[in-house]
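Notes for the structure review
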Amino acid sequence: EPRGRVEHGHKYHRHNRCDRVVTTVRECGPVPCDLTSLLHAVQAIPVAAWEYRVDPESDRTRVVREGMAVFPREAIHAVLDVVGPWEFGPGYYNRVVLSCVPAGEGILPHTDDFGVTVRQRSHHCHLPLLTHPDVVMGGPEGEQHLVAGQLYVLDATQRHWVRNPSLVDRIQLLFAYFPVAMTT
């Protein structure tokens, strides 16, 4: 079910510079909106309110999902309403979650398969909000640091992992964006 819909002609649309993912992680650039409200909302979520993931590769990581009482819906949707159409044109977003890899933890190598519809008709987006230069995401092409405030698109069907050797929790906003052009 679509969570947000953005119509054609959105003032931030820039014609798919980050079209389809060819590599495991592709950088799309700094997002064209202020993330301050979202950062404040995320930092206000009590640690005890984050839910531990149940996947074996990431059982020490935590998430806040849409629908949870502490999910900062207004702040997240304000960002998503700009970021999706800016990068991919009109469409909608779904599978929205905040993901935290705690300091000193990681996510083991794995692949994700969200099903054929998500895989073929959406972009699996990562927007780092809080991070540290030592935090890296790895894939077949090697490891790279994902910079806070920059949008990245991940081919989650490729083997990937996260290492956070720092003393800072890494928090990202994850979402699937379905451009209208890919859903018709």
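Small disclaimer: the values here were computed from a predicted structure and weren't measured. (Residues numbered from 1 in each chain as written. Predicted model: local features only at pLDDT ≥ 70, side-chain atom pairs only at ≥ 80, totals over all residues. Heavy atoms only, no water.)

Turning our attention to the overall build of the protein. When helices and strands are tallied, the protein shows four helices and twelve strands. Sorting the 184 residues of the protein into buried and exposed places 47% on the buried side. For the protein, the exposed area adds up to about 8,900 Å²; of that, 51% sits on carbon and sulfur atoms. (Helix = DSSP H or I, 4+ residues; strand = E, 2+ residues; numbered from the N terminus. Buried < 20%, exposed > 50% of the residue type's maximum accessible area, 1.4 Å probe, protein only. Areas by Shrake-Rupley, 256 points an atom, 1.4 Å probe, with all protein chains shown as cover.)

Across the sheet, four strands lie side by side as β6-β11-β8-β9; this open sheet has antiparallel pairing. Edge positions in the sheet fall to β6 (106-110) and β9 (142-144), since each has one partner strand and no second. Between one strand axis and the next, the sheet turns by 20 degrees as a mean value, whatever way the strands run. Inspection of the sheet shows β6 paired to strand β11 (residues 160-163) by three bridges, in the antiparallel sense. Counterpart to His110 in the pairing with β11 is His160. (Pairing = 2+ DSSP bridges. Axes fitted to C-alpha atoms, helices over the stretch in contact; angles between N-to-C directions.)

Once that is clear, we can look at the environment of Val162. Tracing the sequence through the fold places Val162 in strand β11. Through-space distance from the C-alpha of Val162 to that of Val136 is 5.7 Å; in sequence the pair is 26 residues apart.

One recurring pattern in soluble globular proteins is that nonpolar side chains are buried together. Formed by 29 residues in total, the largest nonpolar core has its most connected members in Leu98, Leu151, Leu173 and Phe175. For this core, the secondary structure elements donating two or more residues are α1 (36-43), α2 (73-88), β5 (91-101), β7 (123-130), β10 (150-154) and β12 (170-179). The element that contributes the greatest number of residues to this core is α2, accounting for seven residues. By size, the runner-up hydrophobic cluster in this structure holds ten residues, among which are Val25, Val101, Ile107 and Val162. (Core = buried A, V, L, I, M, F, W, Y, C linked by side-chain atoms within 4.5 Å.)

Inspection of every chain in the model, using the stated rule, returns six salt bridges. Among the ionic pairs, Arg65 bridges to Glu51, the shortest N-O distance being 3.1 Å. Placement of Arg65 in strand β4 (residues 62-65) and of Glu51 in strand β3 (residues 51-52) is noted, with a sequence separation of 14 residues between them. Classification of Glu51 by relative accessible area gives partly exposed; the value is 34%. (Salt bridge = Lys/Arg side-chain N within 4 Å of Asp/Glu carboxyl O.)

Right, let's talk about the state of the cysteines for a bit. Enumeration according to the criterion identifies zero disulfides in this entry. The thiol of Cys125 is not disulfide-bonded; the next cysteine sulfur, from Cys28, is found 6.9 Å away. Residue Cys125 is classed as buried on the basis of its relative accessible area of 0%. (Disulfide = S-S within 2.5 Å.)

Phi angles above zero are rare outside glycine, and Arg95 is one such case at about 55 degrees. On the secondary structure map, Arg95 appears in strand β5.

We now examine α2. With 16 residues, α2 ought to run about 22 Å at 1.5 Å a step, and its terminal C-alpha atoms sit 22 Å apart, in line with that. Listed in full, the buried residues belonging to α2 are Ala75, Ile76, His77, Val79, Leu80, Val82, Val83, Gly84, Pro85, Trp86, Glu87 and Phe88. The first or second residue beyond α2 is Gly89, which carries a positive phi of 90 degrees. (Expected span 1.5 Å × (residues − 1).)

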